[in-house]
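Architecture and fold: a report
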Amino acid sequence: MLRLQNVSKQFDGKPALSALSLEIRDGEFVVLVGPSGCGKSTLLRLLAGLDEVSGGEIWLREENITTMTPRERNFAMIFQNYALFPHLSVRDNITFGMKIRKEDKASWQPRLAQVAQMLQLDDLLDRKPAKLSGGQRQRVAMARAIVRNPRLFLMDEPLSNLDARLRTEVRDSIMALHQQLKTSTVYVTHDQTEAMSMADRIVVLNGGHVQQVGRPEHLYARPANLFVAGFIGSPAMNLLRLPCAEGQVRVGELTYPLPPAWATQREVWFGLRPEHITDSPGPQALTLPATVIQRELMGADYLLHVSTPTGALRYTRRHRGAIPEKGDTLTLGFSPADIHLFHAETQHNLLHKES
Ligand SMILES: Nc1ncnc2c1ncn2[C@@H]1O[C@H](COP(=O)(O)OP(=O)(O)O)[C@@H](O)[C@H]1O
Ligand SMILES: [Mg+2]
């Protein structure tokens, strides 16, 4: 539906986005995730038409929209700072744009009722913003955006000003809304947990470059490179730079074969997710001796920090039975299938070579 071809953006000669190509399908919820400063808002502003591209093209279906004004595009943008008019009621805030454009009331009146109901604002239509919670205000901002019936939603960190409980509430509203409207959405966040829970597909961005595009499950199971491996998943994947010899990587006393093409590597990045390590290994597991340095309660799980002959690792353990304590020695195990390996220099995944 929406196609970006080699889109780039420079600010005063400095690249903020480099040759970005991406397709967004009809009805898809795409989440753009990456650390602060990686170019997420820049990309969203280019899509909205608020800034001009430095290079490349943006296509909507068969139409080249690269130089269209925001109004011609008819996309709705929802920001983290939802500026509502304090002196206007919720109803007038939602319908403000349509009144300004002198749209026929009969055309939007039914939409207002529908949108207010969808976002559970029907009982609040006569209130002023000052009498609303943060979550309610953000829902008014969303109502104002969707009542226009946009072709695409662009959302820039819409939850980041809300406290944890409201964040869940508004997130659920956004997902319910998407279920009903099926309007294609590009949603920006720096929070990978949010990305994992909301996205049909995730685009991981770092330093203005796309790192990987895929379904959340795919990014979790097969990160394309070291950056995605460390960024997606919580707690983060253990990543150790380990020596190799004769086509094998050494993990403590263990050796693990490298793919034949990488037999000459002298070092690799070894990755293992905390949830793929156990302290009660079965007979098939690879094992490592370990000493507990610290333990952290994280709700249903404990996170244990341990030292091993190979380096420091963290693993999660269900909050059940006797939990190892600081100073305890134990044997950790993991399955060879859960190992990730990344090239020491290019940082590409050595086991799963794909985008
Ligand atoms: N209007 C601007 N003028 C100059 N530099 C900018 C401007 N907007 C963004 N940048 C720079 O572009 C990069 C990407 O910024 P941004 O897209 O806002 O990142 P994000 O939203 O991922 O945190 C940053 O280095 C930022 O400083
Ligand atoms: Mg931003």
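Residues numbered from 1 in each chain as written. Chains lettered and ligands numbered in written order. Predicted model: local features only at pLDDT ≥ 70, side-chain atom pairs only at ≥ 80, totals over all residues. Heavy atoms only, no water.

**Observations regarding the overall build of the chain**
Each helix and strand in the chain was counted, giving 9 helices and 20 strands. Over its C-alpha atoms, taken along the principal directions, the chain stretches across nearly 75 × 50 × 35 Å. Residue burial in the chain is summarised as follows: out of 355 residues, 49% are buried. Counting only contacts in the chain whose residues sit at least 6 apart along the sequence, the fraction spanning at least 24 positions is 66%. A total of about 17,300 Å² of accessible surface is found on the chain, and carbon and sulfur atoms cover 48% of it. (Helix = DSSP H or I, 4+ residues; strand = E, 2+ residues; numbered from the N terminus. Buried < 20%, exposed > 50% of the residue type's maximum accessible area, 1.4 Å probe, protein only. Contact = heavy atoms within 4.5 Å. Areas by Shrake-Rupley, 256 points an atom, 1.4 Å probe, with all protein chains shown as cover.)

**Let's talk about the domain arrangement of the chain**
Domain boundaries in the chain define domain 1 (2-226) and domain 2 (227-343). Domain 1 and domain 2 are separated by 38 Å when their C-alpha centres are compared. Interface area, domain 1 with domain 2, both sides summed: about 1,400 Å², of which 71% is carbon and sulfur. Three residues, Q192, Y220 and L226, lead the burial of domain 1 against domain 2; their summed loss comes to 53% of the area buried on that side. The interface formed by domain 1 and domain 2 holds 0 salt bridges in total. Secondary structure elements with two or more residues in the side of domain 1 that touches domain 2: α7 (192-198), β9 (201-206), β10 (209-214) and α8 (216-221). Looking at the side of domain 1 that touches domain 2 residue by residue, the classes come out as 11 nonpolar, 7 polar and no charged. (Domains from an automatic or database assignment. Buried area = accessible area lost by both parts, 1.4 Å probe. Salt bridge = Lys/Arg side-chain N within 4 Å of Asp/Glu carboxyl O. Nonpolar A, V, L, I, M, F, W, Y, C, P; charged D, E, K, R; others polar.)

**Concerning the UniProt feature "domain: ABC transporter" (unreviewed entry) in the chain**
Per the UniProt record, "domain: ABC transporter" (unreviewed entry) is found at residues 2-232. In residues 2-232, the share of helix is 38% and the share of strand is 26%. The end C-alpha atoms are 25 Å apart. (UniProt positions renumbered as here; feature names shortened; annotations may be inferred.)

**Some remarks on the sheet that holds strand β13 (residues 254-257)**
One open sheet holds the 5 strands; their spatial order is β13-β12-β11-β14-β20, and the pairing between them is antiparallel. Whereas interior strands pair on both sides, the edge strands pair on one side only; in this sheet they are β13 and β20 (340-343). Across the sheet, the mean angle separating the axes of adjacent strands is 40° when strand polarity is ignored. Relative to β20, strand β14 (residues 267-272) runs antiparallel, the two sharing 4 bridges. For G271, the partnering residue across the bridge sits in β20 and is H340. (Pairing = 2+ DSSP bridges. Axes fitted to C-alpha atoms, helices over the stretch in contact; angles between N-to-C directions.)

**Here's the deal with the packing of helix α3 (residues 90-100) against helix α5 (residues 134-146)**
Contact geometry for α3 and α5: axes closest at 8 Å, N-to-C directions at 30°. For α3 against α5, the interelement crossing comes out right-handed. When α3 is examined against α5, the residues V90, N93 and I94 are found in contact with a partner set consisting of V140, A143 and R144. Looking at the contact of α3 with α5, its residues break down into 4 nonpolar, 1 polar and 1 charged. (Left-handed = near helix turned anticlockwise from the far one by under 90°.)

**A short note on the site of ligand 1**
Neighbouring ligand 1 are the residues F11, A16, P35, S36, G37, C38, G39, K40, S41 and T42. For ligand 1, an oxygen atom lies 3.0 Å from a polar atom in the backbone of G39. In this structure, T42 approaches ligand 1 through a side-chain N or O atom, which is 2.5 Å from an oxygen atom. In isolation ligand 1 offers 560 Å² of accessible surface; the protein chains occlude 54% of this area. Among the elements that line the shell around ligand 1, the one with the most residues is helix α1 (residues 40-48), at 3 residues. (Near = heavy atom within 4 Å. Polar contact = N/O pair within 3.5 Å; in protein donor to acceptor, adjacent residues only side chain to side chain.)

**Regarding unusual backbone geometry**
Glycine aside, the phi torsion of most residues is negative, and most peptide linkages are trans. The omega torsion across S234 and P235 is -5°, close enough to zero to call that bond cis. Looking at the element boundaries, P235 is found in the loop between α9 (226-231) and β11 (238-245). At A19, a position not held by glycine, the phi torsion is positive, near 35°. By secondary structure assignment, the location of A19 is in strand β2 (residues 14-24).

**Some thoughts on the side chain of T95**
Looking at the secondary structure, you find T95 in helix α3. For T95, a relative accessible area of 0% gives the class buried. Side-chain polar atoms of T95 contact the backbone oxygen of R91, separated by 3.0 Å.

**As for the pairing of β9**
For β9, the buried fraction is high: 5 of the 6 residues fall into the buried class. For strand β3 (residues 29-33) and β9, the ladder comprises 4 bridges, and the chain directions are parallel. Its bridge partner lying in β9, V30 is registered against R201. Bridge count between β9 and β10: 5 bridges; the pairing is antiparallel. Along β10, the bridge assignment pairs L205 with V210. Counting the residues in the hairpin turn of β9 and β10 gives 2 residues, including G207, whose phi is positive at 55°.

**Observations concerning a nonpolar patch on the surface**
A contiguous nonpolar patch, built from F85, F96 and I100 and spanning about 260 Å² of accessible area, is present on the exposed surface. Along the polypeptide, I100 turns up in helix α3. (Patch = residues over 30% accessible without salt bridge, like charges linked within 9 Å, V, L, I, M, F, W, Y side chains within 5 Å.)

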